[in-house]
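Fold and geometry: a report
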Amino acid sequence: VLVNSGSRHEAKYLSGISHFLEKLAFSSTAQFGSKDEILLTLEKHGGICDCQASRDTIMYAVSADARGLDTVVNLLADVTLQPRLSDEEIEMTRMAIRFELEDLNMRPDPEPLLTEMIHAAAFRDNTVGLNRFCPVENTDKIDRDVLHSYLSSYYTPDRMVLAGVGIEHEHLVECARKYLLGVEPVWGTGRSRGVDRSVAQYTGGIVKVEKDMSDVSLGPTPIPELTHIMIGLESCSFLEDDFIPFAVLNMMMGGGGSFSAGGPGKGMFTRLYLNVLNRHHWMYNATSYHHSYEDTGLLCIHASADPKQVREMVEIITREFILMAGAVGEVELERAKTQLKSMLMMNLESRPVIFEDVGRQVLATNTRKLPHELCALISQVKPTDIKRVVTKMLHKKPAVAALGDLTDLPTYEHIQAALSSKD
């Protein structure tokens, strides 16, 4: 079951509700006395369960033997619409979240933190810029009443999709009718506080966190102290036609860590490898990411290096953004398109990925584009399309996230000026 609900919808509520719901998923419900009972029921069908909350979707997923479909849909209906949310479970969740937040700040891999920071910088205080993790000060404030109030607004039939892979469509529809139609949720069907329909407002800006990274990973081979920078610009939503050229551009930029060995499929011919990692041995990482939502998107490059080389690193990354608007070679474009198609096809070999793909597409558009349709769209991307989307992107203010020792970090104005000096 996928629900159109996530941290982006928490503007009128306490921040962190989706994080709580993710941790509380598959706990006791009207029919099942505890998490153990749910797991035992699933075990009879060789099943496992998982819940993942993102900025715009929360997904309750079960993988089990197809013969247990009735049991599974009944269980999913119960978990999403009839959770007990006992005081004990909420208290356990508070502890789990506090532990996770501590762990997040101690991890040697700063990826999750940087992703939060770049979204906060790009969409300041609105929609996808809202924090995906529950702030520590809110852990004690979120209780059953707060959760019920949120659930009554967002867990409504028009915002939910039941998706399945490896089962007969008719059988799934029959189960949906039986277990999901006309079920009164535990929070009642009273008046909701209204759904937040705000459209993402791209603001650009900078979020800096000064942090001593010198002792991040002690051990026999400690990682050297690094400063991490992420620079991003607004791209487009996954509903727009330009989404495909942006996906090809992201593939063309590619990149990775400096320790990635070569070999087929490693993307060693991508621009961030050829122009950055090959030429500047002191760079530890240069990777391109593309985040896309139903009303906006963000294309960013994450780079890390020794704190003393931050200024040079920022110059190199901004130069790569400007070079995107230059000539696109036929060979590199074809290579990026082939790589994107092969990645798409390889990912869709896995059933959990197909399930998520079906669910998310239907939730956003009520239809699903099939893999061969997407491949046809990728094949049609021309150098002029790449140039067009880049030119549009470079007119925006940049979003910058910086983590670590920031003594030598250039000012935001300096970065903005470097990106707009493309003429």
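Residues numbered from 1 in each chain as written. Predicted model: local features only at pLDDT ≥ 70, side-chain atom pairs only at ≥ 80, totals over all residues. Heavy atoms only, no water.

Thoughts on the sheet that holds strand β8 (residues 285-292)
To keep it simple, the criterion reads: Following DSSP output, two strands are said to pair if at least two bridges run between them. Starting at the N terminus, helices and strands are each numbered in turn, a helix being any DSSP run of H or I of at least four residues and a strand any DSSP run of E of at least two. Each axis is a line fitted through C-alpha atoms, taken for helices only over the stretch in contact, and angles between the N-to-C directions span 0 to 180 degrees.
Taken in spatial order, the six strands make up an open sheet running β5-β10-β6-β9-β8-β7, and their pairing is mixed. Two strands in the sheet have a free side with no partner beyond their single neighbour: β5 (205-210) and β7 (255-257). Each strand axis lies, on average, 20 degrees off the axis of its neighbour in the sheet, ignoring direction. Note that β8 and strand β9 (residues 297-305) share eight bridges and pair antiparallel. From the neighbouring strand, Tyr289 faces β9, where its bridge partner is Cys300.

Quick notes on the sheet that holds strand β1 (residues 2-3)
By definition, the strands of a sheet pair up through backbone hydrogen bonds, in either a parallel or an antiparallel sense. If you trace the four strands from one edge of the open sheet to the other, you get β2-β3-β1-β4, paired in antiparallel fashion. What marks the edges here is a single partner per strand, and that holds for β2 (48-53) and β4 (160-161). For β1 and β4, the ladder comprises two bridges, and the chain directions are antiparallel. When the bridges of β4 are listed, Val3 appears paired with Met160.

A few points about the domain arrangement of the protein
Put simply, the rule is: An automatic or database domain assignment supplies the residue ranges for each domain. Residue contacts are defined here by distance: any two heavy atoms, one from each residue, within 4.5 Å place the two residues in contact. A quick way to say it: buried area is the sum, across both parts, of accessible area lost when two parts are put together, with a 1.4 Å probe. In the sections that follow, a salt bridge refers to a side-chain nitrogen of Lys or Arg positioned within 4 Å of a carboxyl oxygen of Asp or Glu. Here a polar contact means two N or O atoms within 3.5 Å. Within protein one must be a hydrogen donor candidate and the other an acceptor candidate, and residues neighboring in sequence count only if both atoms are side-chain atoms.
Taken domain by domain, the protein comprises domain 1 (2-180) and domain 2 (205-420). The centre of domain 1, based on its C-alpha atoms, is set 28 Å off from the matching centre of domain 2. The interface is formed by 36 residues belonging to domain 1 together with 37 residues belonging to domain 2. Contact between domain 1 and domain 2 buries roughly 2,900 Å² in total, counting both sides, with carbon and sulfur atoms accounting for 72%. It is Met117, Ile118 and Val165 in domain 1 that bury the most area against domain 2; as a group they hold 21% of the surface buried on that side. On inspection of domain 1 and its partner domain 2, the count reaches two salt bridges. One salt bridge connects Arg8 with Asp295, and the closest N-O pair in it is separated by 2.6 Å. Taken together, the links from domain 1 to domain 2 amount to eight residue pairs in polar contact (both at pLDDT 80 or more). Among the secondary structure elements, those contributing two or more residues to the side of domain 1 that touches domain 2 are β1, β3 (58-63), α4 (87-106), α5 (111-122) and β4. The leading source of residues in the side of domain 1 that touches domain 2 is α5, at 10 residues.

Considering the layout of surface pockets
With a probe scaled to a water molecule rolled over the atoms, the places where space remains empty come into view. The line we're drawing: With a 1 Å grid spanning the protein atoms alone, the term cavity applies to any set of points in which a 1.4 Å probe fits but cannot get out, the term pocket to an open set with protein on both sides within 12 Å along at least five of seven lines, and the term lining residue to any residue with an atom within 4 Å of a point. Grid points are joined across faces, edges and corners, and a volume is the space filled by probe spheres set on the points. Gly falls in the polar group here, along with every residue not listed as nonpolar (Ala, Val, Leu, Ile, Met, Phe, Trp, Tyr, Cys, Pro) or charged (Asp, Glu, Lys, Arg).
Considering only enclosed or pocket space, the second largest pocket measures out at about 680 Å³ in volume. Lining the second largest pocket are 29 residues, and of these Pro157, Met160, Leu162, Ala176 and Leu180 lie nearest its centre. When residues of the lining of the second largest pocket are traced back to their parent elements, those giving at least two are β4, α7 (169-179) and α12 (351-365). Looking at which element gives the most residues to the lining of the second largest pocket, the answer is α7, with five residues. Class assignment of the residues belonging to the lining of the second largest pocket gives a composition of 19 nonpolar, eight polar and two charged.

Brief notes about the UniProt feature "domain: Peptidase M16 N-terminal" (unreviewed entry) in the protein
Quick reminder of the rule: UniProt positions are given in the numbering used here, feature names are shortened, and annotations may be inferred rather than shown by experiment.
Here, UniProt's "domain: Peptidase M16 N-terminal" (unreviewed entry) annotation points to residues 1-135. Regarding residues 1-135, the helix share stands at 46% and the strand share at 10%, and the terminal C-alpha atoms are separated by 27 Å.

Notes on the pairing of β9
Where we set the bar: Note on classification: 1.4 Å probe, protein chains only; a residue is buried when its accessible area is under 20% of the maximum for its type, exposed when over 50%, partly exposed between these limits.
Among the nine residues that make up β9, nine are buried, leaving the element largely enclosed by the rest of the structure. Neither face of β9 is open: one carries Gly297, Leu299, Ile301, Ala303 and Ala305, the other Leu298, Cys300, His302 and Ser304, and all of them are buried. Where strand β6 (residues 227-234) lies against β9, eight bridges are found, and the strand directions are antiparallel. Paired with His228 across the strands is Ser304, a residue of β9. Between β8 and the antiparallel strand that follows it, β9, lie four residues.

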